[in-house]
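The lines below spell out each chain.
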Amino acid sequence: MGINSNRGVIYQGPGKVEVQDIADPTFTNPAGKKIDHAVILKVLSTNICGSDQHMVRGRTTAPAGMVLGHEITGEIIEKGSDVEMLNVGDIVSVPFNVACGRCRCCRELDTGVCLTVNPARAGGAFGYVDMGGWVGGQAKYVMVPYADFNLLKFPDRDQALSKILDLTMLSDILPTGFHGAIKAGVGVGSITYVAGAGPVGLAAAASAQILGAAVVMVGDFNKERLNHAAKMGFVPIDLSQHDRLGEMIAQVVGVPEVDSAIDAVGFEARGHSGKEQPAVVLNQMMEITRVAGNIGIPGLYVTADPGAQEKAAKEGSLSLKFGLGWSKAQSLHTGQTPVLRYNRQLMNAILHDRLPIAKIVNAKVIPLEEAAQGYAHFDAGVAAKYVLDPHGVIG
Ligand SMILES: NC(=O)c1ccc[n+]([C@@H]2O[C@H](COP(=O)([O-])OP(=O)(O)OC[C@H]3O[C@@H](n4cnc5c(N)ncnc54)[C@H](O)[C@@H]3O)[C@@H](O)[C@H]2O)c1
Ligand SMILES: [Zn+2]
Ligand SMILES: [Zn+2]
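So, how was this worked out
Residues numbered from 1 in each chain as written. Chains lettered and ligands numbered in written order. Predicted model: local features only at pLDDT ≥ 70, side-chain atom pairs only at ≥ 80, totals over all residues. Heavy atoms only, no water. Pairing = 2+ DSSP bridges. Helix = DSSP H or I, 4+ residues; strand = E, 2+ residues; numbered from the N terminus. Axes fitted to C-alpha atoms, helices over the stretch in contact; angles between N-to-C directions. Domains from an automatic or database assignment. Contact = heavy atoms within 4.5 Å. Buried area = accessible area lost by both parts, 1.4 Å probe. Patch = residues over 30% accessible without salt bridge, like charges linked within 9 Å, V, L, I, M, F, W, Y side chains within 5 Å. Areas by Shrake-Rupley, 256 points an atom, 1.4 Å probe, with all protein chains shown as cover. Salt bridge = Lys/Arg side-chain N within 4 Å of Asp/Glu carboxyl O. 1 Å grid on protein atoms, 1.4 Å probe; cavity = no way out; pocket = protein on both sides within 12 Å on 5 of 7 lines; lining within 4 Å. Points joined across faces, edges and corners; volume = space filled by probe spheres on them. Nonpolar A, V, L, I, M, F, W, Y, C, P; charged D, E, K, R; others polar. Donors = N, O, S within 2.8 Å, 3.2 Å for Na, K, Ca; no water. Tetrahedral: all angles 85-135°; square planar, octahedral: opposite > 155°, others 65-115°. Buried < 20%, exposed > 50% of the residue type's maximum accessible area, 1.4 Å probe, protein only. Near = heavy atom within 4 Å. Polar contact = N/O pair within 3.5 Å; in protein donor to acceptor, adjacent residues only side chain to side chain.

Engineer: Can you lay out the sheet that holds strand 14 (residues 289-296) for me, pointing to particular residues and giving the numbers?
Structural biologist: Ordered by their spatial adjacency, six strands build an open sheet running 12-11-10-13-14-15, and the pairing between neighbours is parallel. Strands at the two margins of the open sheet, each flanked by one partner only, are strand 12 (235-238) and strand 15 (331-333). Averaged over all pairs of adjacent strands, the angle between strand axes in this sheet comes to 20°, irrespective of strand direction. In this structure, strand 14 lies alongside strand 15, joined through three bridges in parallel fashion. Its bridge partner being in strand 15, I295 is matched across the sheet by L332.

As structure tokens, then:
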């Protein structure tokens, strides 16, 4: 196999990650059972995500010692005896969800909540707390189970390598932004508000645009990220300017209301004062979304938050104005994105030059060994999406 030098990004406790030697991947699942439906990948690109930051900031129950990384694109270098549709040399996108392809949820393409890959709860992922113990892919090599079901093979190797900075976004943020937009009911002519100008917010904004939205507003406090969003053609909403989001939306579209709203912030949301208020985005969305409108919530919410300021929030309980949403007959859609539902179409949009997602999220390539700096810059709110390049193959 030629692997004897695996390295990976290890979570070492709040605020600290380090690249270290890690075990080579093997054909075994987290329970130690031998599996033949897996492949071993040489990782060509693997991105740092806002979801990783929740763990690295100590805002989850992630244990120290975990290998991080769920946004993986790679080349198959070895395959198990049950893998029928893929071959060594194929370049593939790995959905961040680990899914079995066999359970009721997978058969309905609800792959974000596969029932068999995580004994603790529904849903599996690579390198993520509470998601089944699958080893993460911010590494040189990684094992992917149920390969025939999970992997998306790129049609042409040279084309894939030439567009890898865009294609790397298919493992999570592009499908996640798109899922948010679909679940928010975005279509031709929609007035849309996206909370959060991070990579997921920008991916949601780009998705809303490709789905035909008439206006795409993106709100944040981070000036650098707002400037970048404006350059990409979205209407920036500077939340530090005003405490009434509705009034700022009215300045853009004439009424304090949108058809579709997407939460690309999650539970570490900040209120106007700068203080954390985990329910602020959800409450704002119910306020500004029209009656019978839809709210897509890719932003992550947790069942336990050791770093929460309020006691209830430590157990994942939020002060939600639920009656407001109920009285407006709104629909709210939550959960891990089922990446498989969208990644093939989005791949085609990239390959045919319809969706320049790397530019939109400002992809920045860094070596795997510099992962700690990438985490620090991203945490500081730099307007970029960091892509780790473990083998130095991205130009
Ligand atoms: N559902 C899924 O499958 C899925 C997949 C990927 C990421 N996520 C989640 O999506 C969220 C965003 O990810 P990201 O990588 O863009 O993270 P990020 O941390 O880079 O971006 C979040 C942005 O929200 C801004 N923000 C804070 N409070 C705000 C408020 N009240 N209104 C508007 N903006 C506010 C921050 O300034 C920041 O720029 C995270 O919670 C992440 O865990 C979910
Ligand atoms: Zn991610
Ligand atoms: Zn399943």
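Engineer: Describe the domain arrangement of the chain, and please don't skip the residues or the numbers.
Structural biologist: According to the domain assignment, the chain contains domain 1 (7-172 + 338-389) and domain 2 (174-333). Taking the mean C-alpha position of each, domain 1 and domain 2 sit 26 Å from one another. Facing the 34 residues of domain 1 at the interface are 29 residues of domain 2. Both sides together, the interface formed by domain 1 and domain 2 hides about 2600 Å², and carbon and sulfur atoms give 64% of it.

Engineer: Can you explain a nonpolar patch on the surface? Please cite residues and give values.
Structural biologist: On the surface, L320, F322, W326 and L332 cluster together to form a nonpolar patch covering roughly 450 Å² of accessible area. Within the fold, L332 resides in strand 15.

Engineer: Can you break down empty space enclosed by the protein residue by residue, with the values?
Structural biologist: Scanning the entire structure with this criterion turns up three cavities of 30 Å³ or more. Considered as a void within the structure, the largest cavity measures approximately 60 Å³ in volume. What lines the largest cavity is R59, F267, P278, Y301, V302, D305, A313, G316 and L318. Taken together, the residues of the lining of the largest cavity sort by class into six nonpolar, one polar and two charged.

Engineer: Explain the coordination of the zinc ion (ligand 3) to me, and be specific about the residues and the numbers.
Structural biologist: Those protein atoms acting as donors to the zinc ion (ligand 3) are C100 (SG), C103 (SG), C106 (SG) and C114 (SG), and they sit at 2.3 to 2.4 Å. Each of the four donor atoms around the zinc ion (ligand 3) contributes to a set of angles spanning 101 to 117°, which defines the coordination as tetrahedral. Counting the intervening residues between successive donors of the zinc ion (ligand 3) yields the motif C-x2-C-x2-C-x7-C. Taken as a pair, C103 in the loop between strand 6 (97-98) and helix 2 (104-107) and C114 in the loop between helix 2 and strand 7 (124-125) lie far apart in primary sequence, eleven residues in all. Of the two residues, C103 and C114, neither departs from the other in class, the shared state being buried.

Engineer: Let's hear about the site of ligand 1: which residues, and what values?
Structural biologist: Lining the immediate environment of ligand 1, one finds 30 residues, of which S51, H54, D220, R270 and T337 sit closest. For ligand 1, an oxygen atom lies 2.7 Å from a polar atom in the side chain of S51. At a separation of 2.9 Å, an oxygen atom of ligand 1 approaches a polar side-chain atom of R225. Summarising the interface, the protein chains cover 94% of the accessible area of ligand 1, which totals 870 Å² for the free molecule. Looking at the shell around ligand 1, the elements with two or more residues in it are helix 1 (50-56), helix 7 (199-210), strand 11 (215-220) and helix 10 (280-288). At three residues, helix 1 tops the list of elements feeding residues into the shell around ligand 1. For the shell around ligand 1, a count of residues per class yields 14 nonpolar, twelve polar and four charged.

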